[in-house]
Amino acid sequence: DNAADIFNLRDRALTIDPNSALATTTQVGIAAGELAQRAIEQNNYRQAQAFLTASLEYAPEQDDLGDLRYQVEEELQRKRNAALVKQIEGRLRANASTFTDLAVFQTARDDLIKLADLSPTSEVLKGLQEQLTSAFNTELATLIKRKKWPDAETLLVDFAKLLNLDFLESKRVQLTDAETK
């Protein structure tokens, strides 16, 4: 591991000569930055993160690597999110045939909301939103018919993030009209 070699070399040099040129944090930071940049060019963001993390240990006052750290963290987060989207879509796709009523959607609500946050254009999400709209309509109509206003309000809130805004507004008006009759 190049980062470990560089930082171990620095430590050894300092034990031999405390005034060594390797003692300057600027050189350590520059080396870490160059190694991180090479790792990024090779699409190895984990290694780049390791170099940058090591540079914080050995050169904490060197702040010119902040942009590079941010770039690496953003890319690692993007990759984690893409992997999470793939997992969620897999779970939802595997259970797609079971999404027939709102109770089933309720069990997958957290996954659906997370998917909506991370990938609002997901085809899996779009397909399930069509089914959700139908199930939502059925449940809301039942709650209105039974005059279960608090339950209907909760329903609107619970699925607000997953349904079209215009659709939700029309349902809000429908509920308000029903309550005032």
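Residues numbered from 1 in each chain as written. Predicted model: local features only at pLDDT ≥ 70, side-chain atom pairs only at ≥ 80, totals over all residues. Heavy atoms only, no water.

Peer 1: Can you walk me through the overall build of the chain in this structure?
Peer 2: Within the chain, the regular secondary structure consists of nine helices and zero strands. Secondary structure elements in the chain, listed N-terminal to C-terminal, are α-α-α-α-α-α-α-α-α. With 181 residues in all, the chain has 36% of them scored as buried. Of the roughly 11000 Å² that the chain leaves accessible, carbon and sulfur atoms contribute 51%. (Helix = DSSP H or I, 4+ residues; strand = E, 2+ residues; numbered from the N terminus. Buried < 20%, exposed > 50% of the residue type's maximum accessible area, 1.4 Å probe, protein only. Areas by Shrake-Rupley, 256 points an atom, 1.4 Å probe, with all protein chains shown as cover.)

Peer 1: Got a minute to help me understand unusual backbone geometry in this structure?
Peer 2: Keep in mind that most residues, glycine aside, have a negative phi and that most peptide bonds are trans. Phi at asparagine 43 takes a positive value of approximately 60°, unusual for a residue other than glycine. Note on asparagine 43: relative accessible area 49%, which makes it partly exposed. Its identity as a non-glycine residue notwithstanding, lysine 147 has a phi of 60°, on the positive side. With respect to the helices and strands, the residue lysine 147 is situated in the loop between helix H7 (123-145) and helix H8 (149-158). Here lysine 147 falls in the exposed class, since its relative accessible area comes to 57%.

Peer 1: Is there a simple way to explain the packing of aromatic side chains in this structure?
Peer 2: To describe a pair of aromatic rings, you give the distance between the ring centres and the angle between the ring planes. Counted by the stated rule, this structure contains three aromatic pairs. Taking 4.9 Å as the distance between ring centres and 45° as the angle between the ring planes, the aromatic pair formed by phenylalanine 99 and phenylalanine 105 counts as tilted. Pair check on accessibility: phenylalanine 99 and phenylalanine 105 agree, each one buried. With a centroid separation of 5.8 Å and 65° between ring planes, the pair formed by phenylalanine 136 and phenylalanine 167 is classed as edge-to-face. With phenylalanine 136 in helix H7 and phenylalanine 167 in helix H9 (residues 165-180), the pair connects residues that are 31 residues apart, well separated along the chain. In terms of burial, phenylalanine 136 and phenylalanine 167 fall into one category: buried. Joined through ring pairs, the aromatic side chains of Phe136, Phe159 and Phe167 make up one cluster. (Phe/Tyr/Trp six-rings, centres within 6.5 Å; stacked < 30°, edge-to-face > 60°.)

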